[in-house]
Amino acid sequence: MPSPYNDKRTVAKLVSDLEKAEKLSGRGKAYKRVCNLSHSTKKVVSWKFNEWDYGKNNITLPCNARGLFISDDATNPVIVARGYDKFFNVGEVNFTKWQWIEENCTGPYDVTIKANGCIIFISGLEDGTLVVCSKHSTGPREDVDRNHAEAGEKQLLKQLTERSIDPSDFARMLYTYNITAVTEYCDDSFEEHILEYPLEKAGLYLHGVNVNEAEFETWSMKDVSQLAYKYGFKHTQSFTLNTLKDLKEFLENCSTSGSFQGQEIEGFVIRCHLENTGKPFFFKFKFEEPYLMYRQWREVTKDYISKKSRLFKFKKHKFITNKYLDFIIPILESSPKICEDYMKGFGVIELRNKFLQSYGMSGLEILNHEKVVELELRNAIDYEKVDEHTKFLIFPISVIGCGKTTTSQTLVNLFPESWGHIQNDDITGKDKSQLMKKSLELLSKKEVKCVIVDRNNHQFRERQQLFDWLDELKEDYLAYDTNIKVIGVSFAPYDKLPEIKDITMRRVINRGNNHQSIKWDELGEKKVVGIMSGFLKRYQPVSLRRSPDNMFDLMVELDFGEVDSSLTNAKQILSEIHKAYPILIPEIPKDDEIDASFRKSLDYKPTVQKRVGKSNCNQPKTPKLIKPTYISAKIESYDEIIDLARQGIANIAELSQQFEDLLTSGKFQNELHITLGHVMSSREKEGKRMWKSFCKRYTDQITKYNDRLIENTAGTSINQGKSVETTDKLKFRLKKLCWDQKIIAIVVELSGGEGGCIIDSNGDNVKELYCQNKVPHITLCKLGSDVKAVYSNVLCEKVELNEIDERVKVVKLNNAKEFAAHVYLNM
């Protein structure tokens, strides 16, 4: 049956299908970009789909081309340039599994070396105009700092000049044959990838010629090679294997060595035909190594440059990657210029090669060298293994007065040489991470096997904070191959909170001032009751089905009683750890030993005092009215915003990969918002006026919140950190993605103009209420733990004033859609 798109006249049907797909909100959605051509007043339209929509059995796309450019002509559109139909790695999808290929494909099998550069499509118009495209764009662009299409065209003109070929003649030839030359631009002086392409190897590698039709049709490799020779393209090495058996044997042999004819390559593209239809079918076979190792080295280098940290989460190649870091860190420290170039993507391969030269082995030799493999195996971390080298941390989950410190002291008294106890109440500086730093410093001692990190950790975010600190700081104190098991101890069963409140209150009264911060005589009854009530209201019990509680290696869930609960707790903890980790507690101490340790713990006196408020024992305090810390518009369309940002950088390979890595690692903000006003901004005259206007607008909500607070907490000013929803809204469009070494943010354009940006429940603009920030924006991600969210203001203002350098990436975003967000008071 002939294709419905078998001539140019029916491309209108394809365009119609693409435009319908553009209106979809989810799976199968098409994305459109209108591009200006560099040498013509005509325009072309680039169409693309989300990468994850290709190859899905339940999604039918109008066209599977990865790279599709159609003339911007409503009456007679034509395909100007066309990439390959998206193809997949062996085993990546069902139809690239060997069994499927054997049952549905036929040889011969043309095997081509997979080049490692950036894709460039070359076609022509009837008037002799060259059209040179990157994967999804062509022509001049202001939203990127590196225009791949322009660089590809410059290289093309150079090679045509060397052959004395008129570019117009070449363009007319492409138009006459209705074809797109599919090339890979490989040139380390323009952009480095994983494989090395020095000057003598740099150029446009022609690896395919596609017919400009919706249905995929492509030239044979013999014809491709002839075209490459005639027009000065770099030749893509290829050869033919007649049977699938020969192909599999060849690929297995290459994968064993990780190379082809002694050279490092990324892999192969295999071309064959579908047996039933005779249509072309492509799949690829990519080597995992040494490219995985090389990419890993690139990432740890960038991390060190930006964070000065050797911490990395890769489980493979631990030994050799640490050797690599040992070598390159002195080089990076000695030259800011090398660091600057590296972050721009230059000098990556040179630095890698210097290390390999100093080590005396190639990447392949390292991977296959018996000694290095042995060391890798010896130094790889087995996260399930527990032996005499394993260390332990205990994180309590508790509320005030549950006896966690007495229990902790009992345990440490039993094992004074090998157990340690670090209390958060003993940390007096502003650096909260000192709790983990001191715990790891103590754990790093040879004789210490376990440290109790004593803090209430009564909320998910506090538990997550401990895991984040551990991840970030571990290798500053312990060898990178040290395995740490984290044990959680829950002191407060959720179903017993009313009982816990009564008992803990009596305990705090009885102990009086015997605590670092909760001192009954100094703070007074109302303050102490308020503090404890606040803890109980904010308490989030253990949930092993969600993060971060599912990260604990063992969770001990204690019951709660009034009499000697700490002694009972200690015995239960000893019993459960002994069962799970006998290497830590080989034998449970006798009852009289535990009793003696418990009695000793009762004599504990804190040596550090922390001030949580001014002392005023006798005078009742008037509750202080809590006002918002900041006012924001909370965004509900999280996934759609992220997707539009992803699309904006889809053509920038390095940013796109880093974006996905940050997203999957959980470093993006959990919730997105636009800050409209902040109490700190009220220090300036205009900011003060606007802040007062906001507070006046929301007087009723602020009053109601404080009334509820007084009723629930006996008149004390605690329980802050809550969000109060208003009936107002904000409408906005995305404008630009801004990205530097510290933060990723989106500049937005607010609707409303001069009348004010806030919209009330009737749909009317609230007059004279504007965003306090000069440049409204959304903060997506902080790239370092020390970066303050307020830095987004600095970056976005610089971008709008065009006061940026090459380290800042700015990408225009699709602003077709108007989003709505609800206004919240953040107390």
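Small disclaimer: the values here were computed from a predicted structure and weren't measured. (Residues numbered from 1 in each chain as written. Predicted model: local features only at pLDDT ≥ 70, side-chain atom pairs only at ≥ 80, totals over all residues. Heavy atoms only, no water.)

Visitor: An account of the overall build of the protein chain is requested, with residue identities and associated values reported.
Guide: Along its length, the protein chain carries 25 helices and 26 strands. Across the 827 residues of the protein chain, 52% fall into the buried class. As displayed, the protein chain offers around 40,500 Å² of accessible surface, 48% of which is attributable to carbon and sulfur atoms. (Helix = DSSP H or I, 4+ residues; strand = E, 2+ residues; numbered from the N terminus. Buried < 20%, exposed > 50% of the residue type's maximum accessible area, 1.4 Å probe, protein only. Areas by Shrake-Rupley, 256 points an atom, 1.4 Å probe, with all protein chains shown as cover.)

Visitor: Report on helix α19 (residues 565–580), specifying residues and quantitative values.
Guide: For α19, which comprises 16 residues, the first-to-last C-alpha distance of 22 Å matches the rise-based estimate of 22 Å (1.5 Å per residue) to within 8%. Every buried residue belonging to α19 is among Ser-565, Ser-566, Leu-567, Asn-569, Ala-570, Ile-573, Leu-574 and Ile-577, and all of these are buried. (Expected span 1.5 Å × (residues − 1).)

Visitor: Describe the layout of surface pockets, with residues and values.
Guide: Estimates place the volume of the second largest pocket at around 1,000 Å³. The wall of the second largest pocket is formed by 41 residues, among which Lys-32, Leu-644, Gln-647, Leu-813 and Asn-814 lie closest to the centre. Secondary-structure elements contributing two or more residues to the lining of the second largest pocket are β1 (30–36), β2 (43–49), α21 (638–648) and β21 (723–739). If one sorts the elements of the lining of the second largest pocket by residue count, β1 sits on top with seven residues. Along the lines of polarity and charge, the residues of the lining of the second largest pocket split into 12 nonpolar, 13 polar and 16 charged. (1 Å grid on protein atoms, 1.4 Å probe; cavity = no way out; pocket = protein on both sides within 12 Å on 5 of 7 lines; lining within 4 Å. Points joined across faces, edges and corners; volume = space filled by probe spheres on them. Nonpolar A, V, L, I, M, F, W, Y, C, P; charged D, E, K, R; others polar.)

Visitor: Lay out the pattern of salt bridges with the relevant residues and their values.
Guide: Taken as a whole, this structure holds 30 salt bridges when the rule is applied. The residue Lys-354 makes a salt bridge to Glu-350 at a minimum N-O spacing of 3.8 Å. You can see Lys-354 and its partner Glu-350 sitting in helix α10 (residues 348–359), four residues apart, about one turn around the helix. Given a relative accessible area of 35%, Lys-354 falls into the partly exposed group. (Salt bridge = Lys/Arg side-chain N within 4 Å of Asp/Glu carboxyl O.)

Visitor: Account for the environment of Lys-722, with residues named and values stated.
Guide: With respect to the helices and strands, Lys-722 occurs in the loop between α24 (699–712) and β21. Apart from residues no more than four positions distant in its own chain, Lys-722 is found in contact with Tyr-705, Leu-825, Asn-826 and Met-827. (Contact = heavy atoms within 4.5 Å.)

Visitor: Residue-level account of the packing of helix α7 (residues 291–307) against α10, with values.
Guide: Where α7 meets α10, the axes come as close as 11 Å, and the angle between the chain directions of the two elements is 110°. It follows that α7 is roughly perpendicular to α10 by the angle criterion. Contacts from Tyr-294, Trp-297, Arg-298 and Thr-301 in α7 reach Val-348, Leu-351, Arg-352, Phe-355 and Leu-356 in α10. Residues of the contact of α7 with α10, tallied by class, amount to six nonpolar, one polar and two charged. (Axes fitted to C-alpha atoms, helices over the stretch in contact; angles between N-to-C directions. Parallel < 35°, antiparallel > 145°, perpendicular 65-115°, else oblique.)

Visitor: Summarise the nonpolar core; cite the residues concerned and give the values.
Guide: Counting residues in each nonpolar core, the largest one holds 58 residues, and the members touching the most others are Leu-393, Phe-395, Trp-419, Met-436, Leu-440, Ile-487 and Ile-577. Ignoring anything within four residues of it in the chain, the contact list for Phe-395 reads Met-436, Val-453, Asn-457, Leu-466, Phe-467, Val-486, Ile-487, Gly-488, Val-489 and Phe-552. Counting 51 residues, the second-largest nonpolar core is a separate cluster that includes Tyr-291, Met-293, Ile-320 and Phe-355. (Core = buried A, V, L, I, M, F, W, Y, C linked by side-chain atoms within 4.5 Å.)

Visitor: Outline the packing of aromatic side chains, listing residues and values.
Guide: Within the structure shown, the criterion is met by 39 aromatic pairs. Between Phe-239 and Phe-260, the aromatic rings sit 5.7 Å apart at their centres with planes inclined by 20°, giving stacked as the arrangement. Here Phe-239 is found in strand β11 (residues 238–241), whereas its partner Phe-260 is found in the loop between α6 (244–257) and β12 (267–274), with 21 residues between them in sequence. You can call Phe-239 partly exposed: its relative accessible area is 21%. In this structure Phe-260 comes out as buried when scored by relative accessible area, which is 6%. Here the aromatic rings of Phe-260 and Phe-268 are separated by 5.6 Å at their centres, their planes lie at 85°, and the arrangement is edge-to-face. Both residues of the pair, Phe-260 and Phe-268, belong to the buried class. (Phe/Tyr/Trp six-rings, centres within 6.5 Å; stacked < 30°, edge-to-face > 60°.)

Visitor: Just give me the short version of the UniProt feature "active site" (unreviewed entry) in the protein chain, but keep the residues and values in it.
Guide: Mapped onto this numbering, the UniProt entry gives "active site" (unreviewed entry) at Lys-114. Leave out the neighbours within four places in its chain, and Lys-114 touches Glu-266, Gly-267, Phe-268, Val-269, Lys-284 and Lys-286. (UniProt positions renumbered as here; feature names shortened; annotations may be inferred.)

Visitor: Any chance you could break down the packing of α19 against helix α20 (residues 591–601) for me, citing the residues and the numbers?
Guide: Where α19 contacts α20, the axes come no closer than 10 Å and their chain directions differ by 130°. As the angle between them shows, α19 and α20 are arranged oblique. Here the hand of the crossing between α19 and α20 comes out right-handed. Touching Ser-566, Leu-567, Lys-571 and Leu-574 of α19 are Asp-591, Ile-594, Asp-595 and Phe-598, all from α20. Its residues placed into classes, the contact of α19 with α20 shows four nonpolar, one polar and three charged. (Left-handed = near helix turned anticlockwise from the far one by under 90°.)

Visitor: Explain the pairing of strand β6 (residues 118–124) to me, and be specific about the residues and the numbers.
Guide: Each regular strand carries side chains that alternate between the two faces of the sheet. Within β6, seven of the seven residues are buried, which leaves the element mostly enclosed by the surrounding structure. Burial of the side chains of β6 extends over both faces: Cys-118, Ile-120, Ile-122 and Gly-124 are buried on one face and Ile-119, Phe-121 and Ser-123 on the other. Summarising the sheet, β6 and strand β8 (residues 179–186) pair through five bridges and their orientation is antiparallel. Among the inter-strand pairings, Cys-118 is bridged to a residue of β8, identified as Tyr-185. With four bridges joining them, β6 and strand β7 (residues 130–133) adopt antiparallel strand pairing. Paired with Ser-123 across the strands is Val-131, a residue of β7. Here β6 hands over to β7 after five residues, with Gly-128 in that stretch at a positive phi of 90°. (Pairing = 2+ DSSP bridges.)

Visitor: Describe the sheet that holds strand β13 (residues 280–286), and please don't skip the residues or the numbers.
Guide: Pairing is antiparallel across the open sheet formed by four strands, whose spatial order is β11-β5-β12-β13. Each edge of the sheet is formed by a strand with only one pairing partner; in this case those strands are β11 and β13. Across the sheet, the mean angle from the axis of one strand to that of its neighbour is 25°, orientation sign disregarded. Pairing of strand β5 (residues 105–113) with β11 involves four bridges; the strand directions are antiparallel. When the sheet's bridge partners are listed, Val-111 is paired in β11 with Phe-239.

Visitor: Describe in detail the sheet that holds strand β17 (residues 484–490), supporting the description with residues and values.
Guide: By definition, the strands of a sheet pair up through backbone hydrogen bonds, in either a parallel or an antiparallel sense. What the five strands build is an open sheet, ordered β15-β16-β14-β17-β18; its pairing is parallel. This sheet does not close on itself; its edge strands, each paired only once, are β15 (419–423) and β18 (554–557). Neighbour-to-neighbour, the strand axes of the sheet open up by a mean angle of 20°, direction not taken into account. Pairing analysis gives three bridges linking strand β14 (residues 391–397) to strand β16 (residues 450–454), with the strands arranged parallel. Along β16, the bridge assignment pairs Phe-392 with Cys-450. Sheet strands in contact with α19 are β14, β15, β17 and β18, and its direction is about 155° off that of β18.

Visitor: If you had to explain a negative patch on the surface to someone new, which residues and values would you point to?
Guide: A contiguous patch of negative charge on the surface is contributed by Asp-468, Glu-472, Asp-476 and Asp-786. Owing to a relative accessible area of 32%, Glu-472 belongs among the partly exposed residues under this scheme. (Patch = residues over 30% accessible without salt bridge, like charges linked within 9 Å, V, L, I, M, F, W, Y side chains within 5 Å. Lys, Arg positive; Asp, Glu negative; His and termini not counted. Charge placed at Lys NZ, Arg CZ, Asp CG, Glu CD.)

Visitor: Help me get a handle on helix α15 (residues 460–477), residues and values and all.
Guide: Over its 18 residues, α15 runs 25 Å from end to end, which matches the ideal 26 Å to within 8%, given 1.5 Å per residue. Approximately 40° is the largest bend angle found in α15, and it occurs at Asp-471. For α15, the set of buried residues is Phe-460, Glu-462, Arg-463, Leu-466, Phe-467, Trp-469, Leu-470, Leu-473, Lys-474 and Glu-475. Those residues of α15 that are buried lie in contact with α8 (318–334), β14, α14 (434–443), β16 and β17. (Bend = angle between axes of the 7 residues up to and from the residue.)

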